Amino acid sequence: MLDYLIIGSGLAGISFSEIALQNHKSILVLDNNSQNSSKIAGGLYNPVILKRFSEVGHAQEHLLIMNDFFTILEKKLDCKVNFKMPILRKFFSIEEQNNWFAASDKENLAPFLSTNLISRKYLSIDSPFGYGEVLQTGYVDTALLLKKYKDYLIENNLFLDESFNYSLLQEKSNGTQYKDIQAKHIIFAEGFGMHANPYFKNLPLDGTKGEIFIIKAPQLDLDVILNTSVFILPLGNDLFKVGATYNWTDKTDTPTEEGKAELIAKIKDIITCDFEIVEHLAGIRPTVKDRKPLVGTYTNHNSIHILNGLGTRGVVLGPAMAKALFECIEYQKPLDKAIDIRRFITKS
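Please read these numbers as outputs of a predicted model, since none were measured by experiment.

**Examining the sheet that holds strand β6 (residues 82–84)**
Reasoning step 1: Here we have three strands laid out as an open sheet, ordered β3-β9-β6, and antiparallel in their pairing. Looking at which strands have only one partner, the edges of the open sheet turn out to be β3 (44–45) and β6.
Reasoning step 2: With two bridges connecting them, β3 and strand β9 (residues 138–140) associate as antiparallel partners. Bridge pairing links Tyr45 to Gly138 in β9.
Reasoning step 3: Of the strands in this sheet, β3, β6 and β9 are in contact with helix α3 (residues 59–77), which crosses β6 at around 125 degrees.

**Observations regarding the sheet that holds strand β16 (residues 231–236)**
Reasoning step 1: Reading across from one edge, β8-β7-β15-β16-β17-β14-β18 is the order of the seven strands in this open sheet, with mixed pairing throughout. Each having just a single partner strand, β8 (131–134) and β18 (276–285) make up the two edges of the open sheet. Taken over all neighbouring pairs, the strand axes of this sheet differ in orientation by 25 degrees on average, direction set aside.
Reasoning step 2: Pairing of strand β14 (residues 208–216) with β18, which is carried by nine bridges, proceeds in the antiparallel orientation. When the bridges of β18 are listed, Lys209 appears paired with Ile284.
Reasoning step 3: Docked against the sheet, helix α6 (residues 257–270) engages β7 (87–90), β14, β15 (225–227), β16, β17 (239–243) and β18, running at close to 55 degrees with respect to β14.

**Quick word on the nonpolar core**
Reasoning step 1: Formed by 66 residues in total, the largest nonpolar core has its most connected members in Tyr4, Phe16, Ile27, Leu145 and Leu307.
Reasoning step 2: Core analysis: the next-biggest nonpolar cluster, separate from the first, contains 26 residues, Ile7, Tyr166, Val288 and Leu294 among them.

Calculation notes
Residues numbered from 1 in each chain as written. Predicted model: local features only at pLDDT ≥ 70, side-chain atom pairs only at ≥ 80, totals over all residues. Heavy atoms only, no water. Pairing = 2+ DSSP bridges. Helix = DSSP H or I, 4+ residues; strand = E, 2+ residues; numbered from the N terminus. Contact = heavy atoms within 4.5 Å. Axes fitted to C-alpha atoms, helices over the stretch in contact; angles between N-to-C directions. Core = buried A, V, L, I, M, F, W, Y, C linked by side-chain atoms within 4.5 Å. Buried < 20%, exposed > 50% of the residue type's maximum accessible area, 1.4 Å probe, protein only.

All we've got here are geometric facts, nothing functional implied.
So, in structure tokens, the structure goes:
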């Protein structure tokens, strides 16, 4: 009998898979490749919400877990996926500079906001008011990570490429049975696909469509992540990832002309050089109305669990939330009430 059957191989699914394997548990991952938000994600990690200069909850704790997680994973997969890189916030006025320095004086933000004004001039970017630097930042190459991890799972006979049929899931006294697969626990990590899940479809997962570009801009000299109305992330070879849009009504993963026009306009507001759109991608982020993840166990069903709702912060939340769920299942360690799905179930 397996310890865990895991449905989904995005950031949530592979985070739980790896936590389970590191703790010597047996797993099988099932996915049909229908959800692509993790693959096209910006992959940025940033401990500060720059729009309102506030700390992301448990930022330092989650960053430590994330960095340890990816250090182990890079050795396992023999590839680099976690790239440390400064994030610079472009200032548009003296007032924005003052707001930055006021925020950097706050005890909870001081570890993350540099007090040094960055006045460096980057080719093809006008920045008369300079930049503020966010510390402990970078990005994870999510597309490479998911491909390498899936390859690892396939090589070790830990992956099934198929759709999950909920009607075939049976609960047993010692766990669950799906077709001929017996498992002590099943973890649903389906992203926006959760809406088809009869166990968890009533949870308030409100997917948000995001569109991004890969652009080529030979005259853009940038070796940091720039954060303004969109992020610009250097990928090397004159290529940059740019995003993202936020659409709360369109639930398709098809790139749109509206998204394209919005991104082009925002890029032109930031850079003064020509650029070529190499790729235009879209996906549905699994976001929750209260902006907290969905973690926990189905009511009165101790073998059926969920790990979802990582939203725009999947690379930093995935390892921490997977660890929290694993420790809840294996050691009965209570989940933080802010992420526990019971916050919605008890209100209904």
